[in-house]
Amino acid sequence: MSEYDTIIIGGGPAGSTAGALLAEKGRKVLILEKEKFPRYHVGESLMPFCYFTFERLGILDMLNERAYTNKHSVQFVTKDGKMSAPFYFFQHLDHPAATTWQVKRSEFDELMLDNARSKGAEVREETQVIDFIYEGERVVGVTAKTKGGESYELRASVTVDASGRDALFQSKRRWRKRDPMLNKIAIWTLFKGAKRDPGLDEGATTVAYLDNRGWFWNIPMKDDIVSSGIVAERDYLYKDTRDPAAIFKREIENNVWIKDHLSCGEQFGEYWVTGEYSYRSEHCAADGVVLIGDAFAFLDPVFSSGVFLALKSGEMAADAIDASLASGDVSASAFNAYGEELCSAIETMRSLVYAFYDNDFSFGKLIRKNGDLRGTLTDCLIGDLADKDFEPLMKAVGEITKLPERLPYGRAASA
Ligand SMILES: Cc1cc2nc3c(=O)[nH]c(=O)nc-3n(C[C@H](O)[C@H](O)[C@H](O)COP(=O)(O)OP(=O)(O)OC[C@H]3O[C@@H](n4cnc5c(N)ncnc54)[C@H](O)[C@@H]3O)c2cc1C
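So, how was this worked out
- The residue numbering used here restarts from 1 in each chain and proceeds along that chain's sequence as written.
- Totals for whole chains, interfaces and linings use every residue, but because this is a predicted model, local features are given only for residues with pLDDT of at least 70 and side-chain atom pairs only at 80 or more, for both listing and counting.
- The helix and strand labels rest on DSSP assignments: H or I over at least four residues marks a helix, E over at least two residues marks a strand, and numbering proceeds from the N terminus.
- Here the radius of gyration uses the C-alpha set of atoms, whereas the globule reference equals 2.2 Å times the residue count to the power 0.38.
- A residue is called partly exposed when the number of other C-beta atoms within 10 Å of its own lies between 12 and 20, exposed at 12 or fewer, and buried at 20 or more, with C-beta atoms placed from the backbone.
- Placing a C-beta atom from the backbone of each residue, one calls two residues in contact when those atoms lie within 7 Å.
- Between the N-to-C directions of two axes lies an angle of 0 to 180 degrees, each axis being a line fitted to C-alpha atoms and, for a helix, fitted only over the stretch in contact.
- Angles below 35 degrees are treated as roughly parallel, those above 145 as roughly antiparallel, those between 65 and 115 as roughly perpendicular, and all remaining angles as oblique.
- A crossing counts as left-handed when the near helix is turned anticlockwise from the far one by less than a right angle, and as right-handed when that turn is clockwise.
- Domain delimitation follows an automatic or database domain assignment.
- For this classification, Asp, Glu, Lys and Arg are treated as charged, while Ala, Val, Leu, Ile, Met, Phe, Trp, Tyr, Cys and Pro are nonpolar and the rest, including Gly, are polar.
- Along the arc lie the directions from the helix axis toward the C-beta atoms.
- For each residue, a C-beta position is placed from the backbone atoms; the residue is near a molecule or strand when that point lies within 6 Å of it.
- Two strands qualify as a pair provided that DSSP identifies no fewer than 2 bridges between them.
- Note on terminology: a nonpolar core is a set of buried residues of type Ala, Val, Leu, Ile, Met, Phe, Trp, Tyr or Cys, with members joined through C-beta atoms within 7 Å.

Peer 1: Please clarify how the overall build of the chain should be interpreted in this entry.
Peer 2: Scanning the chain from terminus to terminus reveals 13 helices and 20 strands. Whereas a compact globule of 415 residues would reach a radius of gyration of roughly 22 Å, the chain reaches 21 Å, a difference of no more than 12%. Expressed along its principal axes, the backbone C-alpha trace of the chain runs to roughly 65 × 45 × 45 Å. A total of 415 residues make up the chain; the buried ones form 50% of that total. If you take every contact in the chain between residues at least 6 apart in sequence, the share linking residues at least 24 apart comes to 74%.

So this is what it looks like as structure tokens:
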């Protein structure tokens, strides 16, 4: 007998979405989180279509009450500091979802985890999952370790890996497949008192280009804080030093818009560095286990798709798990449709990410040649991916840049 219907490893956006929805369906859910919330996390800029998962989770009012910075648009700035017309979501979407948020992830993740708790999920923080328990080929639970070092076993009909970039199951099974073309480095930090654009543009995400398709992100958040980061090739960033603070200061000088916005602010806290973050798992599920959010795949920071895919995969997995528990079939094949749908959404965005990093491509060029595709492009960039035909868009993008081959992995493991 399993103690739980579902054990979820990790209480980030993916884990708390799946946990809240399964608990709401009356399933006995346990979320194990190694940290004590609130804790810092990168990934503050949301995509408009996160709205519909928030709506289903019943947290829209809470998000509004937190007074996060409203994000109405994304804007692009050239290497020489010229800003193109902002990409306003409300020009395409006449719906409250057209306004999204720049969130403080420590607060946002805590709100989401508390929501899962309030829906009936049991949450144990400062509890790290260290291994999986098998019966034959099937995962039947986990070994967890408390902060004090005591370890114990827990059993569930289905285990969900939502451990983010730690990707516990992926690393145990050596399932991680890197995306070699997206092998970038990111360095980021926070500023207080940096310059903000006026009016509607105050909360815009800005993507400001550097040489060799490197770029800065500028994310204005509440409490007068701006998250700013650089994404670029390793050779470019480390050409004369490996000191992240020195690299950051050097690159601020390389974009006039960034210099103008950041130089009146004061940098504080750490300079964080990460690399090799573009990957997908060979499989999205094995018997008794399902992978969601970053524990399954991560693309690239550029279109702020990370939290959106974490929420979406959490939602899709919760529905698939509920159905599998109802039928009594928790084998990998019960998650075939989940894997297909998720991989197809990721592939659409992946093609645009590849295009973004090609020197010969620009969204301006694409739309000048194919004005009729502006709406479809916007659908993709806001996360409106369900039941849409992206073939014409991909064909047009493919006329300007070489599209990546679809990756053959990410589906449920076969028996
Ligand atoms: C440089 C960079 C910039 C980014 N910017 C953006 C952005 O602007 N917008 C955006 O949408 N996305 C962004 N992302 C991506 C975003 O951060 C992630 O996609 C998102 O946080 C994924 O959510 P998750 O729930 O899958 O994982 P996480 O948010 O990482 O949550 C996983 C949780 O699991 C816990 N955990 C890990 N291992 C264990 C274990 N063994 N036992 C128990 N608990 C465990 C962790 O403590 C953590 O709380 C960015 C990513 C990078 C690298």
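So, next bit.
Peer 1: In this structure, what is going on with the packing of helix α1 (residues 13-24) against helix α9 (residues 306-327)? I would like to understand it.
Peer 2: Two measures define how a pair of helices packs: the angle their axes make with one another and the distance between the axes. Between α1 and α9, the shortest axis-to-axis distance is 8 Å and the interhelical angle comes to 30°. Classified by the angle between their axes, α1 and α9 sit roughly parallel to one another. The chirality of how α1 crosses α9 is right-handed. Only Val307, Ala310, Leu311, Ser313, Gly314, Glu315, Ala317, Ala318, Ile321 and Asp322 of α9 make contact with α1, whose side of the interface consists of Pro13, Ala14, Gly15, Thr17, Ala18, Leu21 and Leu22.

Peer 1: Would you mind going over the domain arrangement of the chain with me for this structure?
Peer 2: Think of interface size as the accessible area that goes away when the parts come together; that is how it is often given. Taken as a whole, the chain is organised into domain 1 (1-68 + 103-179 + 278-415) and domain 2 (184-275). On a C-alpha basis, the centres of domain 1 and domain 2 stand 27 Å from each other. With 11 residues of domain 1 at the interface, the matching set in domain 2 holds 12 residues. Looking at side-chain class alone, the side of domain 1 that touches domain 2 contains six nonpolar, three polar and two charged residues.

Peer 1: How do you make sense of helix α7 (residues 244-252) when you look at a structure like this?
Peer 2: Spacing of three or four residues puts side chains on the same side of an α-helix, whose turn is 3.6 residues. Regarding α7, the residues found buried are Ile247, Phe248 and Glu251. Down the axis of α7, the buried set is contained in an arc of 100°. They therefore lie on one face. Looking at the buried side of α7, the elements it contacts are β12 (184-192), β15 (225-233), α6 (234-237) and β16 (266-275).

Peer 1: So what exactly am I meant to see when it comes to the site of the ligand here?
Peer 2: The full set close to the ligand counts 40 residues, and Gly12, Gly43, Gly164, Gly293 and Gly306 are the nearest of them. Contributions of two or more residues to the shell around the ligand are made by α1, β8 (127-135), β12 and α9. In terms of residue count, the dominant contributor to the shell around the ligand is α9 (four residues). A class-by-class count of the residues in the shell around the ligand yields 18 nonpolar, 15 polar and seven charged. The two domains that each donate at least three residues to the shell around the ligand are domain 1 (1-68 + 103-179 + 278-415) and domain 2 (184-275).

Peer 1: Sorry if this is basic, but what is going on with the pairing of strand β9 (residues 138-146) here?
Peer 2: Each regular strand shows side chains that alternate between the opposite faces of the sheet. Across eight bridges, the pairing between β8 and β9 is antiparallel. Looking at β9, one finds that Thr127 is bridged to Thr146. A loop of two residues connects β8 with β9, the two strands running antiparallel in sequence, and Gly136 in this loop sits at a positive phi of about 65°. Bridge count between β9 and strand β10 (residues 151-161): five bridges; the pairing is antiparallel.

Peer 1: Looking at this structure, I do not really get the sheet that holds strand β13 (residues 205-209). What am I missing?
Peer 2: The pairing of strands in a sheet comes from backbone hydrogen bonds and takes either a parallel or an antiparallel form. Within the open sheet, the seven strands sit side by side as β5-β4-β13-β14-β15-β12-β16. Their pairing is mixed. The sheet is open, and its two borders are formed by β5 (87-88) and β16, each paired with just one other strand.

Peer 1: Is there a simple way to explain the sheet that holds strand β11 (residues 176-178) in this structure?
Peer 2: Within the open sheet, the three strands sit side by side as β11-β17-β20. Their pairing is antiparallel. Lying at the two open borders of the sheet, with one neighbouring strand each, are β11 and β20 (297-298). Bridge analysis of β11 against strand β17 (residues 279-281) gives three bridges, and the strand direction is antiparallel. Looking at β17, one finds that Arg178 is bridged to Tyr279.

Peer 1: Sorry if this is basic, but what is going on with the environment of Met47 here?
Peer 2: Within the element layout of this structure, Met47 appears in the loop between β2 (29-32) and α2 (50-57). As a C-alpha pair, Met47 and Ala121 span 74 residues in sequence and 26 Å in three-dimensional space. Once residues lying within four places of it in the same chain are set aside, the contact partners of Met47 are Thr100, Ser304, Ser305, Phe308, Ile382 and Gly383.

Peer 1: When you look at the nonpolar core in this model, what are you seeing that I'm missing?
Peer 2: Side chains of nonpolar character tend, in soluble globular proteins, to be buried together. Counting residues in hydrophobic clusters, the biggest one holds 101 residues, and the most contacted among them are Ala18, Ala285, Val290, Ile292 and Ala317. If near-sequence neighbours (up to four positions away) are discounted, Ala285 is found in contact with Val290, Leu291, Ala332, Phe335, Tyr338, Gly339, Ala412 and Ala413.

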